[in-house]
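# Residue-level structural notes
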Amino acid sequence: MAHVSLTMSRVVQSSALSRNSAEVFQAADQGAVEITRRDGETLVLTRKSEVERQSTVLRMAADLIAASLGPESEPFVNRLQDRFPWMRFLSGQEREMFAMEIVQSARGCAAVQDFGPFLVDLHEWYATAQAKAAGFTPDDNLDWYDDLPEATDPRRA
């Protein structure tokens, strides 16, 4: 699961970065590393993918806020569809479910400061819309797996 969290996994002094850069980089693979400096503001070393996920979450949150602030005369689901045009491929009931679930997911993830589940929920709804746009229907003979085996990280093999 993709985790988006601002929690620092480690705090090091800037001198440790030059003396033990491999160790600091390895720590940054586990989570953001706070690098303190005597002569300047503290820096954060993290993976680029983490920054990109945080940016995605902020964009999606901005879209949810914008949809919630739209004209009250228009239903929230319709306002949300303006922000997520792929919703048009979902049925009316699915759009209602998406609207409810994505707001609940965003609020829950904000409460625990981990937006990984939010991104998973959003991706799953988007994938559903893609499948429907491609013509897949519930009547198609597809195999669905309830229990997927856990895959090992090939970088740690």
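Residues numbered from 1 in each chain as written. Predicted model: local features only at pLDDT ≥ 70, side-chain atom pairs only at ≥ 80, totals over all residues. Heavy atoms only, no water.

### What to know about unusual backbone geometry
This is how it is decided: Helix numbering and strand numbering both begin at the N terminus, where a helix is a DSSP run of H or I of at least 4 residues and a strand a DSSP run of E of at least 2. Categorising residues by exposure relies on relative accessible area from a 1.4 Å probe, with only protein chains included: less than 20% of the type maximum marks a residue as buried, more than 50% marks it as exposed, and the intermediate range marks it as partly exposed.
Non-glycine residue glutamine 113 carries a positive phi angle of around 55 degrees. Assignment of secondary structure puts glutamine 113 in the loop between helix 5 (92-112) and helix 6 (116-133). Accessibility expressed as a relative area gives 52% for glutamine 113, which makes it exposed.

### Examining the confidence of the model for the chain
To keep things clear, this is the line we draw: pLDDT is defined as a per-residue confidence score from the predictor, taking values between 0 and 100. When checking whether two residues touch, look at their non-hydrogen atoms; a contact exists if any pair is within 4.5 Å.
Looking at the chain as a whole, the pLDDT averages 87, with 90% of positions reaching at least 70. Mean pLDDT across the elements of the chain bottoms out in strand 1 (residues 8-13) (80) and peaks in helix 5 (95). Here residues 1-6 is modelled with pLDDT under 50, and outside its nearest four sequence neighbours on either side it reaches 24 contacts, counting other chains as well.

### Let's talk about the packing of aromatic side chains
Using the following cut-off: Note on aromatic contacts: the rings of Phe and Tyr and the six-membered ring of Trp form a pair at centre separations within 6.5 Å, being stacked when their planes are under 30 degrees apart, edge-to-face when over 60 apart, and tilted otherwise. Our definition puts a charge over a ring when NZ of Lys or CZ of Arg is within 6 Å of the ring centre and also within 35 degrees of the ring normal.
Applying the stated criterion across every chain, the model contains 6 aromatic pairs. Arranged with centres 5.2 Å apart and planes meeting at 70 degrees, the rings of tryptophan 86 and phenylalanine 98 form a pair that is edge-to-face. Highlighted residues: tryptophan 86 in the loop between helix 4 (76-83) and helix 5 and phenylalanine 98 in helix 5, separated in sequence by 12 residues. Each member of the pair tryptophan 86 and phenylalanine 98 is classed as buried. Taking 6.5 Å as the distance between ring centres and 90 degrees as the angle between the ring planes, the aromatic pair formed by phenylalanine 115 and phenylalanine 118 counts as edge-to-face. Residue class for phenylalanine 118 comes out buried when judged on its relative accessible area of 2%. What links up through ring pairs into an aromatic cluster is the set Phe84, Trp86, Phe98, Trp125 and Tyr126. A cation over an aromatic ring shows up here: arginine 88 above the ring of phenylalanine 89, its NZ or CZ 4.5 Å from the ring centre.

### Quick word on the nonpolar core
For the record, the criterion: Buried residues of nine kinds, namely Ala, Val, Leu, Ile, Met, Phe, Trp, Tyr and Cys, make up a nonpolar core once their side-chain atoms join them within 4.5 Å.
Judged by nonpolar contacts, the single largest core of 20 residues is most densely connected at Leu80, Phe84, Trp86, Met87, Phe98, Phe118 and Leu122. Mapped by element, the contributors of at least two residues to this core are helix 3 (48-68), helix 4, helix 5 and helix 6. Core analysis: the next-biggest nonpolar cluster, separate from the first, contains 7 residues, Val12, Ala16, Ala28 and Val33 among them.

### Some points on the environment of alanine 66
You can see alanine 66 is positioned in helix 3. In this structure the C-alpha to C-alpha distance between alanine 66 and leucine 80, which are 14 residues apart in sequence, comes to 8.5 Å.

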